[in-house]
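Structural description and commentary
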Amino acid sequence: MLMNTNAKQGVLLAIAAYLMWGVIPAYFKLLNSMVPTEILMHRIIWSSLLLVIIISVKKNWIQISNILKKPKTLLILIASASILAFNWWLFIWAINNNHLLDASLGYYINPLLNVALGMLFLGERLSKLQYAAVALAFIGVTIQVVTFGSFPVVAFALAISFSVYGLIRKTVSVDSVSGLLMESLLLTIPAVIYWWFMVPTDASNMLNNSIGFNLLIMAAGLITTAPLLCFVAAARRLNYSTMGFFQYIGPSIMFMFAVFIYGEKVGEDRWVTFGFIWMALIIYSVASILKMKKDRRIQTNR
């Protein structure tokens, strides 16, 4: 029963995370007057502040103390923090340089990499029906890759960086809030240094900004932290390959935003790809439901 409860919680957390990630481009578009590195700096600083408040309310500083006493864990979190910062920066750059379709493609590719990493490093296995879903998704992604006419560097960089980050966070023995705070604190040092030495921009001195714009900037902490906390918590409750397929929610929303709101051009071939990926998601969902029912029958018979 406990496993079933954890799995249900994981599903809800995963859906919440990917829904939030899907609509985040609309937020970053509001900050397109700022350079990506400056937005990244604010993401890091305000996320750290928010997480400090959360940890303080939960009176959970002992977890941070334990991390500091484990050099190996700290080194792993330094690596994951670096990968996460790169992913954040590239995502912001893609959105504010009219490459939202590239970002969408990257996060369509990401679940395929999650499946591969889950099989290679975590010993996870898929059913035949799930393999069929992966194959359909692979065909859909391949069509999009071919239509780009060149290797989609941005898309693959986003996919690889987030897949590796998720794998690291799933395997390191640190709770979601404490781990994310430690990552944010590690990134805060270079963020503050950048803020101090960066070339001044119209928004760099917050004393000169309107209250509304400053609140919008500071909201980067909530926008960043909420989906990540849901993602990390979900990753610890679900198979990594299962986690991957929930990510189709995010890029699907991004795809719609890119086409219908921000006017990025899309041809018929990409609509075909979109259909392939949704078919893969449907098949994988059916396979997951069948597997869950089978596992439940096995547990009942024991």
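See the structure shown above.
This text gives an overview of the structure that appears in the document. Going along each chain's sequence as written, the residues are numbered from 1 onward. Confidence filtering applies because this is a predicted model: local features only for residues at pLDDT of at least 70, side-chain atom pairs given and counted only at 80 or more, and all residues used for totals across whole chains, interfaces and linings. As a rule here, side-chain values come from all non-hydrogen atoms in the structure, and water together with hydrogens is ignored.

Looking now at the layout of surface pockets. Here the second largest pocket defines a volume of roughly 170 Å³. Every residue lining the second largest pocket is counted, 10 residues in all, and those nearest its centre are Ser127, Ala287, Leu290, Lys291 and Lys294. Runs of H or I in DSSP of at least four residues are treated as helices and runs of E of at least two as strands, each being numbered from the N terminus. Looking at the lining of the second largest pocket element by element, the count peaks at 5 residues for helix 13 (residues 268-301). Only Asp, Glu, Lys and Arg are considered charged, only Ala, Val, Leu, Ile, Met, Phe, Trp, Tyr, Cys and Pro nonpolar, and every remaining residue, Gly among them, polar. Split by residue class, the lining of the second largest pocket holds 4 nonpolar, 2 polar and 4 charged. Only protein atoms enter the 1 Å grid used here. Points where a 1.4 Å probe fits but cannot escape make up a cavity, open sets with protein on both sides within 12 Å along at least five of seven lines make up a pocket, and a residue lines them when an atom lies within 4 Å of a point. Grid points are joined across faces, edges and corners, and a volume is the space filled by probe spheres set on the points.

Aromatic ring pairs: the centre-centre distance and the angle between the two ring planes describe each pair. Only the six-membered ring of Trp is used, alongside the rings of Phe and Tyr, when aromatic pairs are assigned; centres must lie within 6.5 Å, and planes under 30 degrees apart are stacked while those over 60 apart are edge-to-face, with the rest tilted. With the rule as written, the count across this model stands at 11 aromatic pairs. With a centroid separation of 5.3 Å and 85 degrees between ring planes, the pair formed by tryptophan 21 and phenylalanine 162 is classed as edge-to-face. With tryptophan 21 in helix 1 (residues 2-29) and phenylalanine 162 in helix 7 (residues 153-171), this residue pair connects regions lying 141 residues apart in the sequence. The cut-offs for exposure are 20% and 50% of the maximum accessible area for each residue type, with area from a 1.4 Å probe on protein chains only; residues under the lower value are buried, those over the upper are exposed, and the others partly exposed. On the accessibility criterion, phenylalanine 162 (5% relative accessible area) is buried.

Because an α-helix packs 3.6 residues into every turn, residues spaced three or four apart end up facing the same way. A helix is expected to reach a length of 1.5 Å times the quantity of its residues less one. Helix length check: helix 12 (residues 249-261) (13 residues) gives 17 Å between terminal C-alpha atoms against 18 Å at 1.5 Å per residue, within 8%. For helix 12, the buried fraction is high: 10 of the 13 residues fall into the buried class. Taken together, the buried positions of helix 12 are Ile249, Gly250, Pro251, Ser252, Ile253, Met254, Phe255, Phe257, Ala258 and Val259. Note on helix 12: the residue one or two positions beyond its end, glycine 263, has a positive phi of about 70 degrees.

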